[in-house]
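Below are the chains, spelled out letter by letter.
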Amino acid sequence: MWARGAALASFMQYLRSNLFRKVERLVDWSGGFWERRYSAEPVLDDEAMVGRLRCVLAHGVKEGLVERSAEWPGLTCLPLLLGPARRLFQWFSWTKRWSMRGSEDMAGAQGRFAEK
């Protein structure tokens, strides 16, 4: 991602605060969510880009969540980098969810807003 001036920092502040609010509502989260403040790491050449990619892909292994990067169950670009694998994920449509607010009881309705 590339941005001029403070645009990137402003975008990340907006993104992080909105993600936190949504997670907080969905799973009744309390306490801290982000480990530390956002910091932009400049990627100036191909070698630095490969280093950042390795760091991101190894994160689940480093944290002890999986034994190999290929076992990560969440969103990852590794299958696409290694071959023609295609993965499908559900997208939660907040637009649909909020448009129904107040029109009916929302209990148990979460599945209605998932899209592929």
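Chemist: Got a minute to help me understand helix α1 (residues 7–27) in this structure?
Modeler: Every α-helical turn comprises 3.6 residues, leaving residues that sit three or four positions apart pointing alike. An ideal rise of 1.5 Å per residue puts 30 Å on 21 residues; α1 measures up with 30 Å between its terminal C-alpha atoms. Restricting attention to buried positions, one finds in α1 the residues Leu8, Met12 and Arg16. Within α1, the buried residues cover an arc of 60° as seen down the axis, which keeps them to one side. Summarising the geometry of α1, the exposed residues directed more than 90 degrees from the buried face are Gln13, Tyr14 and Arg25. Note on α1: the residue one or two positions beyond its end, Asp28, has a positive phi of about 50°.

Chemist: It is not clear to me how the layout of surface pockets should be interpreted in this structure. Could you clarify?
Modeler: Left-over empty space is what a probe sized like a water molecule reveals as it rolls over the atoms. By volume, the largest pocket is sized at about 1,800 Å³. As for the largest pocket, its lining consists of 38 residues, and the residues nearest its centre are Met12, Arg36, Ser39, Arg52 and Val56. Elements with a minimum of two residues in the lining of the largest pocket: α1 and α2 (46–62). The element that contributes the greatest number of residues to the lining of the largest pocket is α2, accounting for ten residues.

Chemist: Is there a simple way to explain the pattern of salt bridges in this structure?
Modeler: Pairs can form between side chains of opposite charge once their charged atoms are near each other. Within this structure, the stated rule accounts for one salt bridge. Its salt-bridge partner being Glu71, residue Arg68 comes within 3.6 Å of it at the nearest N-O pair.

Chemist: It is not clear to me how the environment of Arg37 should be interpreted in this structure. Could you clarify?
Modeler: Along the chain, Arg37 falls in the loop between α1 and α2. Residue class for Arg37 comes out exposed when judged on its relative accessible area of 74%.

Chemist: So what exactly am I meant to see when it comes to a nonpolar patch on the surface here?
Modeler: Together, Phe11, Tyr14, Leu15, Leu19 and Trp34 make up a nonpolar patch on the protein surface, roughly 480 Å² of accessible area in all. Among the secondary structure elements, Phe11 is positioned in helix α1. The class for Phe11 is partly exposed, based on a relative accessible area of 37%.

The rules behind these values
Along each chain, the written sequence defines residue order, and numbers are assigned to residues from 1. Under the rules for a predicted model, residues below a pLDDT of 70 receive no local features and side-chain atom pairs below 80 are neither given nor counted, while totals for whole chains, interfaces and linings still include all residues. Excluded from the side-chain calculation are hydrogens and water; included are all heavy atoms of the structure. Runs of E in the DSSP output that reach at least two residues are strands. Runs of H or I that reach at least four are helices, and both are numbered from the N terminus. Multiplying 1.5 Å by the helix residue count minus one yields the expected span of that helix. For every residue, the accessible area obtained with a 1.4 Å probe (protein chains only) is divided by the maximum for its type, and the residue is called buried under 20%, exposed over 50%, and partly exposed between those limits. Here, the arc refers to the directions that run from the helix axis to the C-beta atoms. A pocket here means an open set of points on a 1 Å grid, computed over the protein atoms alone, that has protein on both sides within 12 Å along at least five of seven lines. A cavity is instead a set of points where a 1.4 Å probe fits but cannot get out; residues with an atom within 4 Å of a point line either one. Grid points are joined across faces, edges and corners, and a volume is the space filled by probe spheres set on the points. Think of a salt bridge as a Lys or Arg side-chain nitrogen and an Asp or Glu carboxyl oxygen that are within 4 Å of each other. Patch criteria: residues need more than 30% relative accessible area and no salt bridge. Like-charged residues are merged within 9 Å; nonpolar side chains of Val, Leu, Ile, Met, Phe, Trp and Tyr are merged within 5 Å. Surface accessibility follows the Shrake-Rupley procedure with a 1.4 Å probe radius. Residue values consider only the protein chains on display as shielding.

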